[in-house]
Amino acid sequence: LTALTGRYCFTYLEILGMNSLSFSVSSSQLVGCIRTYRRQTAEKLCPLKDEPWPRHEWTEGSRRVGLVAIKLGMAPIWTKSGERHAVTMLQVQDCHVIRCTSKEEYDGRSAALAVGGKNVSPFYRSEKAMELFRNAGVPPKQKVTIFKVSDNAIIKPGTPLYAAHFRPGQYVDVTAKSIGKGFQGVMKRWGFKGQPASHGQTKTHRRPGASGPGGDPAKVFKGKKMPGKMGNVFVTAYGLKIWRVNTKYNVLYVHGSVPGHTNCVLKVRDTVLPTRRSTLLNPPFPTYFTEEEGDLDEDLYSDDLFVHTEPSVTLS
Amino acid sequence: MAACTRGLKNLLTSIKFCRTLQFQDERFLCTSALRFANNEPPKFVPPSKPVIINKTQTTASTRRFLSPEFIPPRGRTDPFKYFMERRDMVRRRKALNIPEFYVGSILAVTMADANASGKTNRFVGICIQRGGRGLGATFVLRNILNGQGVEICYELYSPRIQTIEVLKLEKRLDSNLMYLRDALPEYSTVDPEMKPVPFSPTGEVPVNKLKVKMCPKPWSKHWERPQFAIQGIRFDLCMTPKQMEFVQKKYAKPWEEYDMLKEYDTSKLEEQIFAEVQQEMNK
C-alpha cells in the first residue's frame, strides 16, 4: 500500500477530487483507487504502465507498419558491375507510434496504427492533435498517418520506429504530396497536344480544342480533362528498391525519384506489388527494437551495391 | 699461388691505405679487394639512395586545396544531406587517390571498360570543365586524336575509374575552357605519351596566361559576350575593337553586380568543410 502511494496514486486521488494538500485519505478510498489502477493497467488503458506488449511471429499474409520519413535529396550510386543509378535519401526523424485502433473499432477488416513523424512546435498543432500526442506520451508531430496492419503486428503506442525496420534489398511504396503547380493549362496538366504555332492559327495555341462528341449526348461528360489546379495531391511511387540503410543516422537510400519537394514528409511502407514481396529477407516483425535485436552495422548495403571503401571495379 | 700472395700483399697494403684514409666509402674497399682477387669486372653495387628530409617544408606550407565538389550549392537542402555525401566521398578518396587539379591541367585517366582490350582504357587530355557537386562531380577531358576532337566526361567518384594522374598541373585564365572547341586544333592537342611534368606540392599553382587563337566565326557560343567573361581568347585577331565594344555594351547586365540574391559567400563554409575533410582523411 505504502509503495503505491507514490506519484501514480496521486493522479487518481486528484480524480477523486482531493488536492495534494489534504493528506487525510480514508483507507476505503485508497483501496478503491488502487483497484481502479490495477483494472486499468490490466486493460492496458493506463499509459503510465511500462510493460511492452507481447510480440507475435510473422505469418503468411501479415502486414507490418510503415514509417514516416523526410525527403533529403538525391545522390548517385554504383553497382558492383559499374552501372550508375540515382537514389533518393529519406531520413526517419523521430518516428513514433501514436495510437492503436483494433480491428472492430477501425473498419472490421484490419487493425490500424497511427504513426507520427518529425517533431514540431506545439504552437502549430490543434488542441485535438495535442491530446493524441499527450495520450501517447510523445512530442507533437508534424504528420500523423494511418497504416492498416494485421492483428499480429500491432505495436504499443509510444514505441519509436527506426530506419532499420527496412532492410536493403526490400521494396517499398512511398506516398507524399506532389509539388503544387497551381492553376495550369490543359497541355501541362493532361499532356494535350495543343495547336500549331503558325499557319493561320488565330489566338489558339494551347487550348483544349473540342470538349466532347456533339449533339447526341449534347453535354460534356463528368471528369472531362480541363485546366485546373495541378499538383499538391497525394501520389504513391510503387516498388522502389532499398539500396542502403544507415542505422546510426536513420537514413534510407531508395531507388529512383519520389514525389514531393526536398524536406517534405513522406509515408513509407512495404510494397503491395505481388512480384516484389520477398519473404526471404526476414525483415524485423513487427518492427526493429534496439534492445532486442542488438547492434547492427552502421551501414547496411544491398548485395550488388558498390561500397566506396572497396577498390575500383575491374570488369572482365 | 703467386697471384694469391701478390693479391694478399696488395690487399694488406690497400687495407692500411684505407685505414689511414678512415674509410670514406666502403664500396671503394670491397671493389678494389675483389679486383685484386679475381680478374673480372666487379659486380655493380648501386649506391644507397640518400634520403633528403626537407625540414623547411612543413605541413602548413603545403598548398591548401579543397576540391570544388565539396562546396555545397546554394539551396534549401538540409546540410545533413551534404554531410552524408561528404562521408562517402572521403571513403572513396581513401580507396583511390584523386589528385589536386584545375581546369587547364593535363590529366591521364585509366578506366575499366568491358569492350576494350585488357579491359582498361587510358585517355590523356586537357581538363576543360569541372562540374557537379557531391558524389556526382564530373570533369571533362579534351584531346584531338587523328584529327578528331574527342571530349570525355568522367565522374570523379565512379568505381570504374582506376587511376587519375596529373601530367601537368597548371591553371588558365578562365575556369571553363569550352571555347577550345572553336579554337585552332593545336591548342587542344595533347601528346598521349606525354611524360609527367614534375611540380612542387607547395607554393602557387602556375597560371598559363596563354591567349588562344580562334577559328573563323560562327562559333558554337558567342564567346565574346560579357556573360562568359572569357580572358583567354585573342579577340583582337577575330573582331575589331568597335565590334567588341558594341557586343560588350549590348549584352552587358550592369545590375547583376548589385543583385543581393546572387551573392553566395562560401569562405566560412569552405574553411569548415576543409577542416572536416582533412580530419577524416588523416584518420
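Higher on the page you've got the structure.
Residues numbered from 1 in each chain as written. Chains lettered and ligands numbered in written order. Predicted model: local features only at pLDDT ≥ 70, side-chain atom pairs only at ≥ 80, totals over all residues. Heavy atoms only, no water.

S.K.: I'd like a description of the interface of chain B and chain A, backed by residues and values.
M.R.: Opposite the 27 residues of chain B that make contact, chain A presents 30 residues. Carbon and sulfur atoms make up 59% of the area that chain B and chain A hide from each other, which totals about 2300 Å². Taken together, the connections running from chain B to chain A amount to four salt bridges. For the salt bridge of B:Arg91 with A:Asp299, the shortest nitrogen-to-oxygen distance reads 3.6 Å. Between the two partners, chain B and chain A, sit ten residue pairs in polar contact (both at pLDDT 80 or more). Where the side of chain B that touches chain A is concerned, the elements lending two or more residues are helix H3 (79–95) and strand S5 (161–168) of chain B. If one sorts the elements of the side of chain B that touches chain A by residue count, H3(B) sits on top with ten residues. Of the residues that constitute the side of chain B that touches chain A, the class distribution is eleven nonpolar, four polar and twelve charged. (Contact = heavy atoms within 4.5 Å. Buried area = accessible area lost by both parts, 1.4 Å probe. Salt bridge = Lys/Arg side-chain N within 4 Å of Asp/Glu carboxyl O. Polar contact = N/O pair within 3.5 Å; in protein donor to acceptor, adjacent residues only side chain to side chain. Helix = DSSP H or I, 4+ residues; strand = E, 2+ residues; numbered from the N terminus. Nonpolar A, V, L, I, M, F, W, Y, C, P; charged D, E, K, R; others polar.)

S.K.: Lay out the pairing of strand S10 (residues 234–246) of chain A in plain terms, naming residues and giving numbers.
M.R.: Residues and elements named next belong to chain A. In this structure, strand S7 (residues 171–177) lies alongside S10, joined through six bridges in antiparallel fashion. In the strand pairing of S10, Val-174 is matched with Ala-237. Sheet analysis places S10 next to strand S11 (residues 251–255), joined by four bridges and oriented antiparallel. Residue pairing for S11: Asn-246 is matched across the bridge by Val-251. Connecting S10 to the next strand, S11, in antiparallel fashion are four residues, including Asn-250 with a positive phi near 60 degrees. Of the pairings in the sheet, the one linking S10 to strand S13 (residues 299–301) comprises three bridges and is antiparallel in character. Opposite Asn-246, over in S13, you have Asp-299 as the bridge partner. (Pairing = 2+ DSSP bridges.)

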